[in-house]
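Analysis of the macromolecular model
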Amino acid sequence: MECRLTYNLTVVFTLLFVLLSTGLSENDRDLDFCGIWHHGHGSLHLNVNISTGCSEISISANKSTLSINGQITSQCRRLDVIHLTKLFGLDSAEETNFCLYWEPLLDQLKLQVREKNLTLCWPASLQDSCCTDLSNGPNTPEAPYGIKNGMVKRDIINDKIMTAYKFRGTPISCRLLCDQASQGSTQVNMQRGAAEIAEHHCAHSYEVEMKQDFRGYEATAPPSEHVSAESSVIVQIPPAVKDAAKNTSKVVCTFFKNNSLFQEGLTKVRILSDVVGITVENKVIANLSEPIKIAFHHDVIPKTHSRKCVSWDTRKDPLQVSWLTDGCETRQQGEEHTECLCNHLTYFSVLVQLEPRPVCHLLALTAITSVGCAVSVISCVALIIFLCKKRRRSNEQSIPVHLGLAISFAFLNLLFFFTGVLANVGGERVCAWVAPCLHYATLSSLTWMGIEVFHTFWLVHMIFRPSPRPYVWSLLGFVLPAVPVFLLVAVGDIYGVRELQPCDDTTNPYLMCWMKDTHKALLAHYFTNMIILVLLVFSGILMLFLVYREIRTRDEWKQNRVAFLSIWGLSCLFGTTWGLTFLDYGLLSEFILFLSCFLNSFQGFLLMLRFFMLDWIRKQGDSSALGSTSTGSTRQHMLQAHEKS
């Protein structure tokens, strides 16, 4: 009995010791604090007052201001007032969700307001002392305005509305903390079957002394378990940095392992696991006469995935991350090596496309499109002249509809022919105007094809009812498509430069003016272009079937060239060739792509050819009900058929 009691006490004390040694306490290495800011309906501000040291951090709120104050960082200082209503466009709601994140090993402080991030302190290299072991201090009393449902690590610590929360910190050696974080991550990931290393938490830096005889320096990232014997990153600092730095004699090269901050706002692309920061204290270094060379050794990146050297730009908005390709040249050296040549100092990495959709044979497709658009413009102009002359001597009701389609096609092909040139020469400034015009021309052409479908149905089936007046068709074909375009322009950030990545050289994309490659622009594309295209193709196919059923028993259907020109020409009129867009997949994707490109680029020419050939056949006395230049003869034929019956 005594032995069993002794054994049980030993087990209890052992469990208590394990729980206490693993850090089951109120203190945390980092800070993850969230809450609901209960405020008024007026203008909202963020007040930041952060300085170096390690005492405490306070998160307080009142009717109009959210405040973050304290001494918690190693080298970050910030005194700022930020207009949240203007920056985020916060509405008049009474509550706003927010979270504050503090990572001592990176000296990084980040605020998230309604899922939008503000970086208050940028990540930095490992310092001598880190502020950690955060404990919840005394909270201030309840108030009508403040922070509700204060949470630490997603656990609610107080469900009342408090005016402030305070967290006290304790200084500790960053090297020791880095080792502890590394061991903790290894233990956790052994259970999960993953392999996370210490560099994820700790940034390693090299301070390079640039003396008078400085001839450059080569900095190498420290070895890690996930990389082979060859180093992951090698940085070559040229002597030009010494000349640009002038009185400053030190340059700091910091190697980061990727963390959540560097991935913010990225969806279809990702950043490599290695990020390099090259800085000179209190200096902005740009336009170097000799570029910095950064060699990245990484996992295999397939040729179908584009990669670009990018730098982290904070000039436009110092609170948010913005990766830019400006000032950097990309040199691909195989699937596992990428070299970046950059003429300025900041953070650098390689941006890799996650969801590749490169266009193979882009040069051939561009040539076909250019020739087809040029021929179609000339053909549409000739067709417009032909229809205008015919309109003077004929009262056929379908001529205004054909004329509207020809005008919209001419405008569409003309813009599409020049879109590549305008995008390369004018960039975003020109494309901000050209892209909406091109979208309008596309919607107008699709609308006029739909009008052709409806008008043909009206002539064939509504025999004893007059067709709508021409101005009705003009309103539908020219005015209605402008409505969604104006709305999208008002929304903003929809139109601009669009890049098409070729299969053979992803570093040299083809530029055109169109909708941007963003989530908002993608939604606009689906809700305007794709919906109209689906309706057009299905209604066009249905109309072709109805027309075929009407004429297949007639004597003139036996005349093959008339039947062929009628159905083939009507398929162009009704936009069914655009249906090939939905077949661009599988083994025949390249063939379908070429066929769709050819038919749609030369669509203006094919329409002109149909009208001219059928007019020539009519003059030769070999016409049919559908073999004339308009569907007006169909209406006349049907009237005669009803009179005979």
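Cut-offs and rules
- Residues numbered from 1 in each chain as written.
- Predicted model: local features only at pLDDT ≥ 70, side-chain atom pairs only at ≥ 80, totals over all residues.
- Heavy atoms only, no water.
- Pairing = 2+ DSSP bridges.
- Helix = DSSP H or I, 4+ residues; strand = E, 2+ residues; numbered from the N terminus.
- Axes fitted to C-alpha atoms, helices over the stretch in contact; angles between N-to-C directions.
- Phe/Tyr/Trp six-rings, centres within 6.5 Å; stacked < 30°, edge-to-face > 60°.
- Buried < 20%, exposed > 50% of the residue type's maximum accessible area, 1.4 Å probe, protein only.
- Contact = heavy atoms within 4.5 Å.
- Expected span 1.5 Å × (residues − 1).
- Arc of directions from axis to C-beta.

Focus: the sheet that holds strand 14 (residues 217–220)
Taking strand neighbours across the sheet as the criterion, the 5 strands line up as 14-15-19-23-22 in an open arrangement whose pairing is antiparallel. Edge positions in the sheet fall to strand 14 and strand 22 (328–332), since each has one partner strand and no second. Across this sheet, the average inter-strand angle for adjacent strands is 15°, counted without regard to direction. The sheet contact formed by strand 22 and strand 23 (residues 337–342) spans 5 bridges and is antiparallel. Bridging across to strand 23, Gln 332 finds its partner in Thr 338.

Remarks on the packing of aromatic side chains
Two numbers describe a pair of aromatic rings. These are the distance of the centres and the angle of the planes. In this structure the tally under the stated criterion is 8 aromatic pairs. Summarising the aromatic geometry, the rings of Phe 417 and Phe 418 are spaced 5.0 Å apart at their centres and angled 90° between planes, so their arrangement reads as edge-to-face. Look at Phe 417 and you get partly exposed, because its relative accessible area is 35%. Among the aromatic residues, ring-to-ring pairing joins Phe 33, Phe 98, Tyr 165 and Phe 167 into one connected group.

Brief notes about the environment of Cys 437
Inspection of the secondary structure assignment puts Cys 437 in helix 6 (residues 399–461). Along the backbone, Cys 437 and Tyr 495 are 58 residues apart, and their C-alpha atoms lie at a distance of 10.0 Å. Sequence-distant contacts of Cys 437, defined by excluding residues within four places in its chain, comprise Phe 411 and Leu 415.

Some thoughts on helix 11 (residues 589–601)
With 13 residues, helix 11 should cover 18 Å at 1.5 Å per step; its first-to-last C-alpha distance of 18 Å lies within 8% of that length. For helix 11, every residue scored as buried is listed here: Ser 589, Ile 592, Ser 596, Cys 597, Asn 600 and Ser 601. Buried residues of helix 11 fall within an arc of 140° about the axis and therefore sit on the same side.

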